[in-house]
Every structure is written in structure tokens, then in C-alpha cells.
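A structural walkthrough
In case you want the letters, here they are:
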Amino acid sequence: MAQAVEEWYKQMPIITRSYLTAAVVTTVGCSLEIISPHNLYLNPKLIVQQYEIWRLVTNFLYFRKMDLDFLFHMFFLARYCKLLEENSFRGRTADFFFMLLFGATVLTGIVLIGGMIPYFSETFANIVFLSNSLTFMMVYVWSKHNPFIHMSFLGLFTFTAAYLPWVLLGFSILVGSSTWVDLLGMIAGHAYFFLEDVYPRMTGRRPLKTPSFIRALFAHENVVVAQPGNARFAPPAQDVHQD
């Protein structure tokens, strides 16, 4: 059993494995009181005044209590993050990392701006961890890339993947969970899907092109090496990406 889990873990793509590991270590560390959640949550004043920049990252790593809800989100993180990285972003690790960075930026921006809007400020002030929202964003993007896959919810009814985010949102309402974090994830996911998939088809322009410095972080990306002017090469092989 332990060997099977180890093999499953090793076979995860790099971004999924890294994020899942960081999330589990952070959440377990807080449960064992090795780490304090007070040092992790999103706090604009501490970020600006005390330069605690790490909070922009750590608030996406803590999934609160080690309970059924935690297992639920770990399952969705492991499943849909892995499916996206292995299929829609196969061979495009830098683009996948940029998608997560874009989602995290959008989510953070919504919460910070929402905290300054009257009548909504109190609601957004209570959203200090965005890990669930980022996970929900990945579910939303996956559902948009695979809209016709048939799924079943707890064996009660079947639906296509296009409706998965709405089914999960309805489930959150039924169990009494806050729907704000799910809605934020859907907003961030739709923003990415529109700018990356819909807008380029409409205009021919791609506003979310992955920066070169992010591509340089990943070894699989093509590296251009300067060569003498009189050198001759065989033409490079064409990369084939599965979208």
C-alpha cells in the first residue's frame, strides 16, 4: 500500500506535486501547532507596512482544519490540477504555472479591492485564505476544457463536466459552507478562460502570453543557444502539444 502511494506521488507532474506537498505540509504543520496560521493569512497592512510579502503566497497553502472538507479539497487539488497539467497543459509547464500565478493575482486583487467597497468590505475582510478559491479555479478551467465528459455526483445523478462548478457550488450551499470562496474561484477561472481561449479566437491577440522569465524557470522549455554564423544545423523537431 505504501509503495503504491509512493509511486502515485512520484508520477505526479512537478507543479501538482509541489503544490500538493506544500499544502499538506502547511496544513498539517498548523494542525500540530508547528506553524501558526496567524503568520500565513492575507493581511494587506502587514504586507505593506511590515513587508511580510510571504503572505501573498502562504494564504494559498493553508486549507484550515484537518477534516472532511480538507480531504475533499485535497482530492480536487490532486485530481484536477494533475489533469490540467498532464492534458490541457501537456508540455507547457511554464504556461500552467503562469495560469496559477494569474489566478492567484486575480483572487488577491478581488479581495483587496472588495475590502474597500462599502457594504461588501466586511464580507471580503473575512476571506483571509484563498487556497479553496484557487482549487475551485482549477476545477472551473478543467470543466471548460472538457465540457462533454459525463460525470456522476455521489451516484445520485449524472451531468456533463461543463456543469461541475455549478454542481459543487450547489453542494456547498446544501452543506452550509460559504459560497464566496467558490464564486471567487469561478470568477478567476472564467477570467483566465476568456482571456486565454475566447478572446484570442475573437481578435487574434493573446493577452496572457507567458513571460520569458517564467519559461526560463522550467528545463523543458526550448533554450536558444548562440551559434557561429557559419554553423549549419538540422532543422529543429516540432513540438506537439495536446490541448
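Going along each chain's sequence as written, the residues are numbered from 1 onward. The model is predicted, so local features are restricted to residues of pLDDT at least 70 and side-chain atom pairs to those at 80 or more, both for listing and for counting; the totals for chains, interfaces and linings are taken over all residues. Water and hydrogen atoms play no part in the side-chain values, which are based on all heavy atoms of the structure.

Right, let's talk about a nonpolar patch on the surface for a bit. Candidates for patches are residues over 30% relative accessible area with no salt bridge; among them, like charges are joined within 9 Å and nonpolar side chains (Val, Leu, Ile, Met, Phe, Trp, Tyr) within 5 Å. Only the protein chains shown count as cover for residues, with accessible areas throughout obtained via the Shrake-Rupley method and a probe of 1.4 Å. What counts as a salt bridge is simple: a side-chain nitrogen of Lys or Arg found within 4 Å of a carboxyl oxygen of Asp or Glu. A contiguous nonpolar surface patch, about 790 Å² in accessible area, is contributed by I113, M116, I117, Y119, F120, W180 and L183. Each helix corresponds to a stretch of at least 4 residues labelled H or I by DSSP, and each strand to a stretch of at least 2 residues labelled E; elements are numbered beginning at the N terminus. By the element assignment, F120 lies in the loop between α6 (93-114) and α7 (121-125). For every residue, the accessible area (1.4 Å probe, protein chains only) is compared with the maximum for its type, and the residue is labelled buried under 20%, exposed over 50%, or partly exposed between those bounds. With relative accessibility at 40%, the residue F120 sits in the partly exposed group.

Quick look at the packing of aromatic side chains now. Pairing of aromatic rings covers Phe, Tyr and the six-membered ring of Trp, with a centre-to-centre limit of 6.5 Å; geometry is then stacked below 30 degrees between planes, edge-to-face above 60, and tilted otherwise. By the definition in use, this model includes 12 aromatic pairs. Summarising the aromatic geometry, the rings of F194 and Y199 are spaced 6.2 Å apart at their centres and angled 50° between planes, so their arrangement reads as tilted. A residue is classified by how much of its surface remains accessible, and F194, at 31% relative accessible area, is partly exposed. The ring of Y41 has R55 sitting right over it, with the charged end atom 4.9 Å from the ring centre. Criterion for a charge above a ring: Arg CZ or Lys NZ at most 6 Å from the ring centre, at most 35 degrees from the ring normal.

In this section: the UniProt feature "transmembrane region" (unreviewed entry) in the protein chain. UniProt positions are given in the numbering used here, feature names are shortened, and annotations may be inferred rather than shown by experiment. Taking the UniProt record as the reference, the feature "transmembrane region" (unreviewed entry) is found at residues 96-117, 123-142, 154-174 and 180-199. Helix makes up 75% of residues 123-142 and strand 0%, with an end-to-end C-alpha separation of 28 Å.

Our focus in this paragraph is the environment of L100. With respect to the helices and strands, L100 occurs in helix α6. Residue L100 is classed as buried on the basis of its relative accessible area of 10%.

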